[in-house]
Amino acid sequence: MENFTPPKVGKYMSPAVLTLVIGGIFLLILLGTSVYIVDQTEEAVITRFGRYIGTRGPGLQFKLPFGIDRNYTVNVKTVQTQEFGFRTLRGGTTPSYTSQAAESTMLTGDLNIVDVEWIIQYRVVDPKAWAFNVNERTATIRDVSRSAINMLVGDRAIMDIMGIERSAIEVAGAAIMNETFRGYGLGIDVITVKLQNVTPPAGVQQAFEDVNKAMQDLERLINEGQQAYNEEIPKTRGEAERMIQVAQGYATERVNRAHGDVARFNAVYDEYRRSPEVTRQRLYYEMIEEVFKNEEGTTLIDHHLRNFLPMMNLGAAQRPAQGGTR
């Protein structure tokens, strides 16, 4: 160990080899600081000496090396989520949550206390603004979201918040947040605001559940009544329409029959005017035929006894007379 002497570079490595090694290292550094890859879900914000010069899309990209150009990748495709009033500890089929009462406890417009849990989903739409305009981006998103929901809850009664106003709060909350974020130049767009759980304090929760159940029963009864109405009214209208059509058909039949009777009477009258005796005799025969058309065993007697046969048994051709006389 006392006699060890380090080897001299010139003895084991020629200047050409040393130059090649240094050049290779320089080339690696050059490539490492000038080539970068942007993922399909990202965009890269490029600065030169700290000043913004442009935004690059997905793929293999190049920039000036040695820190002259710097790239900041921003996820612009993925929808990001923020939770308020709770935190998800474990997802999957058996999720686990933890409560954050400091965020969820609010005062309603009718001076009741309510616990509201909600989420917001947003996406970056301006990578430059997202990268440079606001330092505490996450804190800003959470503060603005809490302020908007607190304001909307404070303008409404607790039963409205738990019932019919939930959708209105979600829509109005998204609009207020987007307007505020645009004013800050944060570069994001809130896609969804969703109220997860809206519950009263534990001490009065049973009473509120009873009221909520009553409201649900009221809504169910209204829906059942509307369904019965929708079933019966068309049926009644159809029956009324059928009766009207039957009546109209009967009226048409009576009118047509009356017209026919009038036409027949006029025809008979015309015949009567031309031959009164013949027409009278024919009407008499038709009347007699109509009277006796369903009779059986009828005997006619000529009370003047001027016929060759003073008696005539109608229907005798069909069967023997039954002895009755008329």
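Conventions used here
- Residues numbered from 1 in each chain as written.
- Predicted model: local features only at pLDDT ≥ 70, side-chain atom pairs only at ≥ 80, totals over all residues.
- Heavy atoms only, no water.
- Helix = DSSP H or I, 4+ residues; strand = E, 2+ residues; numbered from the N terminus.
- Buried < 20%, exposed > 50% of the residue type's maximum accessible area, 1.4 Å probe, protein only.
- Contact = heavy atoms within 4.5 Å.
- Areas by Shrake-Rupley, 256 points an atom, 1.4 Å probe, with all protein chains shown as cover.
- Pairing = 2+ DSSP bridges.
- Core = buried A, V, L, I, M, F, W, Y, C linked by side-chain atoms within 4.5 Å.
- Salt bridge = Lys/Arg side-chain N within 4 Å of Asp/Glu carboxyl O.
- Axes fitted to C-alpha atoms, helices over the stretch in contact; angles between N-to-C directions.
- pLDDT = per-residue confidence, 0-100.
- Patch = residues over 30% accessible without salt bridge, like charges linked within 9 Å, V, L, I, M, F, W, Y side chains within 5 Å.

Participant: Would you take a moment to explain the overall build of the protein chain for this structure?
Facilitator: Helices and strands together make up the secondary structure of the protein chain, namely nine helices and 13 strands. Buried residues in the protein chain amount to 22% of all 326 residues. In the protein chain, of all internal contacts separated by at least 6 residues, the share reaching a separation of at least 24 is 63%. For the protein chain, the computed accessible surface area is about 23,200 Å², with 56% contributed by carbon and sulfur atoms.

Participant: I would appreciate a short explanation of the pairing of strand 3 (residues 51-56) in the present structure.
Facilitator: Successive residues of a regular strand alternate their side chains across the two faces of the sheet. Inspection of the sheet shows strand 2 (residues 42-48) paired to strand 3 by five bridges, in the antiparallel sense. Paired with Val45 across the bridge in strand 3 is Thr55. Two successive antiparallel strands, strand 2 and strand 3, enclose a turn made up of two residues, where Phe49 displays a positive phi of approximately 55 degrees.

Participant: Help me understand the nonpolar core in this model?
Facilitator: Generally speaking, soluble globular proteins have nonpolar side chains that are buried together. In terms of nonpolar packing, the biggest core is built from 34 residues, with Val116, Trp118 and Ile149 touching the most fellow members. Of all the elements in the fold, those that place two or more residues in this core are strand 10 (113-124), helix 5 (137-154), helix 6 (158-162), helix 7 (166-184) and strand 11 (188-199).

Participant: Please explain the side chain of Ser34 as it appears in this structure.
Facilitator: Locating Ser34 in the fold gives a position in helix 2 (residues 15-34). Here Ser34 falls in the buried class, since its relative accessible area comes to 9%. With near-sequence residues (within four places) excluded, Ser34 lies in contact with Gln61, Phe62, Lys63 and Pro65.

Participant: Is there a simple way to think about the pattern of salt bridges in this case?
Facilitator: Between side chains of opposite charge, a pair can form when the charged atoms approach closely. Throughout the structure, instances matching the rule amount to eight salt bridges. The residue Arg156 makes a salt bridge to Glu165 at a minimum N-O spacing of 2.9 Å. The salt bridge involving Arg257 is made with Glu253; its shortest N-O contact spans 3.0 Å. Of this pair, Arg257 and Glu253 both sit in helix 8 (residues 205-274), four residues apart, roughly one helical turn. The network of salt bridges with shared partners includes Arg87, Glu103 and Arg142.

Participant: Explanation requested: the sheet that holds strand 2 in the structure shown.
Facilitator: Hydrogen bonding along the main chain pairs the strands of a sheet, whether they run parallel or antiparallel. Here three strands make up an open sheet; going across it, the order is 3-2-5 and the pairing antiparallel. Taken across any chain shown, the strands that pair with only one partner, and hence form the sheet edges, are strand 3 and strand 5 (69-75). Averaged over all pairs of adjacent strands, the angle between their axes in this sheet comes to 25 degrees, without regard to strand direction. Where strand 2 meets strand 5, seven bridges bridge the pair, whose relative direction is antiparallel. Of the residues in strand 5, the one forming a bridge with Ile46 is Asn71.

Participant: Even after reading the chapter, I still don't get the confidence of the model for the protein chain, so can you show me in this structure?
Facilitator: Detailed reading of the predicted coordinates is not advisable wherever pLDDT is low. When pLDDT is averaged along the protein chain, the result is 83, and 86% of the positions lie at 70 or above. Low pLDDT, under 50, characterises residues 321-326; the stretch is placed with six contacts to residues that sit more than four places away or in other chains.

Participant: Explanation requested: the environment of Ala175 in the structure shown.
Facilitator: Residue position: Ala175 is located in helix 7. Residues Ala175 and Ala148, 27 residues apart in the sequence, show an inter-C-alpha distance of 9.5 Å.

Participant: I'm lost on a nonpolar patch on the surface in this one. Help?
Facilitator: Taken together, the side chains of Val17, Val21, Ile25, Phe26, Ile29 and Phe66 define a hydrophobic patch exposed on the protein surface, amounting to about 530 Å² of accessible area. Position of Ile29 among the secondary structure elements: in helix 2.

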